[in-house]
Amino acid sequence: MRYTTLGPAGPVVSAVGLGTLALSGAYGPVEPREAGRLVHRALDAGVTLLDTAGFYAGGRVESLIGRVLAGRAEEVVVCTRGGVRVGGPGDPVVFDGRPHELERSLHASLKRLRADCVDLFSLHCQDTRVPVEKSVAGLAELVRAGKIRRLGLSGGTAEQVRRAHAVHAVSAVGVEYSLWGPPPSPELLAAVRELGIAVIAARPLGRGFLTGRVRPQSWFEPGDWRRADPRFRPGHRRGGCSRLRELESAAARLDLGAGRVALSWLSAQGEHVIPVPSTRDPVHLEMNLAASSVELPAETLDRLDGLFPAARCARPSSPLL
């Protein structure tokens, strides 16, 4: 496992983290005891970054993490989020960046995590009623109160990142980032590089598509969040399969799996980019973590740039600051 820093003066964390959406049942049923074993396995393998959210399975994923980390909390940086409420696929998403609501959300997360302080608390930036400066100012008070160690943003624009960072240092920005778009904006990627902010790359395997295990004929069970994702409609999936075959071909030439190449491509975007793939399968976990040790040759990176829209706008043109 390689390691990097989370933000300008942040803690050292694993270069590949563990996302926890899959442990909520979003991609199929998962037994809580098996989910706990998977998190322990990740920690034993050197993972020191866990990414979660209070709304995952109505808070049950945070509760699971709280139980798993009993006696191991010092080994890991836990990132969670506030400012959003959602029940599941098809349910309305409610964004709420009011300071008192963020404080309520934080205290609920701390209780479930069995913690006095959360390592990184990220604000969802989509509440258009509340200026990001007001939300971040409220969270900064909670930093001073010792309830939060570092602040992050979930989503947001380059302008919002700059405005938030002017109020209180932002350590990380969480954004969907993978070869199978939608890509982050070049302006956002440039802003975080300039400010020294880490990127927590969510859905780095395109919700499984880039592993090659999701084919046009795949059928998702009721409750699977991919049923509500337009990219997984049969026509769209068929359109992406030719590029997926090219990815698999490039991976085969390196004697690697497609998923490992997709994660390694992200790592090649800079040490500040930290993919957090989510899985409920211990074999897939080991495959994901193995990407930390892969350095793709320049010709493979160039080929991937030409295959996927995200690659064309994401590759940095200047060295990491």
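Residues numbered from 1 in each chain as written. Predicted model: local features only at pLDDT ≥ 70, side-chain atom pairs only at ≥ 80, totals over all residues. Heavy atoms only, no water.

## Brief notes about the packing of aromatic side chains
- Enumeration over the complete set of coordinates arrives at three aromatic pairs.
- A centroid spacing of 6.0 Å and a plane angle of 90 degrees characterise the contact between Tyr-177 and Trp-265, whose relative ring orientation is edge-to-face. One end of the pair, Tyr-177, is in the loop between strand S10 (170-176) and helix H6 (186-195); the other, Trp-265, is in helix H8 (residues 258-267), with 88 residues separating them in the sequence.
- Accessibility expressed as a relative area gives 1% for Tyr-177, which makes it buried.
- Relative to Phe-209, the ring of Trp-180 lies with its centre 3.9 Å away and its plane at 15 degrees, an arrangement referred to as stacked. With Trp-180 in the loop between S10 and H6 and Phe-209 in the loop between strand S11 (198-202) and helix H7 (234-253), the pair connects residues that are 29 residues apart, well separated along the chain. Per residue, the accessibility class of Trp-180 equals that of Phe-209, and both read buried. (Phe/Tyr/Trp six-rings, centres within 6.5 Å; stacked < 30°, edge-to-face > 60°. Helix = DSSP H or I, 4+ residues; strand = E, 2+ residues; numbered from the N terminus. Buried < 20%, exposed > 50% of the residue type's maximum accessible area, 1.4 Å probe, protein only.)

## Focus on the side chain of Arg-81
- Take Arg-81: it is sitting in strand S5 (residues 77-82).
- In this structure the side chain of Arg-81 is engaged in a polar contact, spanning 3.4 Å, whose partner is the side chain of Asp-51.
- At a separation of 2.7 Å, a polar atom in the side chain of Arg-81 contacts the side chain of Tyr-56.
- Not counting the four nearest positions on each side in its chain, Arg-81 is found in contact with Asp-51, Thr-52, Ala-53, Gly-54, Tyr-56, Ser-105, Phe-121, Ser-122, His-124 and Ser-154. (Polar contact = N/O pair within 3.5 Å; in protein donor to acceptor, adjacent residues only side chain to side chain. Contact = heavy atoms within 4.5 Å.)

## Some points on the pairing of strand S9 (residues 148-154)
- Most of S9 sits inside the fold, with five of its seven residues counted as buried.
- Where strand S8 (residues 118-124) lies against S9, six bridges are found, and the strand directions are parallel. Note on S9: the bridge partner recorded for Val-118 is Ile-148.
- In terms of handedness, the path from S8 via helix H4 (residues 132-144) over to S9 forms a crossover that is right-handed.
- Considered for its hand, the β-α-β crossover made up of S9, helix H5 (residues 158-167) and S10 is right-handed. (Pairing = 2+ DSSP bridges. Right-handed = clockwise from strand over helix to strand, strands pointing away.)

## A few points about the state of the cysteines
- Applying the stated criterion across every chain, the model contains zero disulfides.
- Sulfur of Cys-79: no disulfide; nearest cysteine sulfur belongs to Cys-117 and is 12 Å away.
- There is no disulfide at Cys-125, and the cysteine sulfur nearest it, in Cys-79, is 15 Å away.
- The exposure class of Cys-125 is buried, given its relative accessible area of 9%. (Disulfide = S-S within 2.5 Å.)

## Looking at the nonpolar core
- Formed by 83 residues in total, the largest nonpolar core has its most connected members in Ile-148, Leu-153, Tyr-177, Leu-247 and Leu-304.
- Looking at which element gives the most residues to this core, the answer is H8, with six residues.
- With residues up to four places along the chain from it excluded, the contact list for Ile-148 reads Leu-106, Cys-117, Val-118, Phe-121, Leu-139, Leu-142 and Val-143.
- The next biggest cluster of nonpolar side chains, apart from the first, holds eleven residues, and it includes Cys-79, Leu-120, Ala-172 and Ile-274. (Core = buried A, V, L, I, M, F, W, Y, C linked by side-chain atoms within 4.5 Å.)

## A closer look at the confidence of the model for the protein chain
- Counting all residues, the mean pLDDT for the protein chain is 88, and 91% of those residues have values of 70 or more.
- Every residue in residues 312-321 scores below 50 in pLDDT, and together they form 24 contacts with partners more than four places removed in sequence or on other chains. (pLDDT = per-residue confidence, 0-100.)

## As for the pattern of salt bridges
- Summed over all chains, the structure comprises 17 salt bridges.
- Arg-163 is paired through a salt bridge with Glu-133; the nearest N and O atoms lie 2.8 Å apart. In this pair, Arg-163 sits in helix H5 while Glu-133 sits in helix H4, placing the two residues 30 residues apart along the sequence.
- The class of Glu-133 is partly exposed, set by a relative accessible area of 27%.
- As a salt-bridge pair, Glu-246 and Arg-303 come within 2.5 Å of each other at their nearest N and O atoms. Separated by 57 residues along the polypeptide, Glu-246 in helix H7 and Arg-303 in helix H10 (residues 298-307) bring together distant segments of the chain.
- Given a relative accessible area of 32%, Glu-246 falls into the partly exposed group.
- Classification of Arg-303 by relative accessible area gives partly exposed; the value is 28%.
- What emerges from the salt-bridge pattern is a single network uniting Asp-96, Arg-98, Asp-127 and Arg-129. (Salt bridge = Lys/Arg side-chain N within 4 Å of Asp/Glu carboxyl O.)

## Focus: the sheet that holds S9
- Reading across from one edge, S3-S4-S5-S8-S9-S10-S11-S12 is the order of the eight strands in this open sheet, with parallel pairing throughout. Either end of the sheet is taken by a strand with one partner, and the two such strands are strand S3 (18-19) and strand S12 (273-275).
- As paired strands, S3 and strand S4 (residues 49-51) are joined by two bridges and run parallel to one another. The residue of S4 that forms the bridge with Leu-18 is Leu-50.

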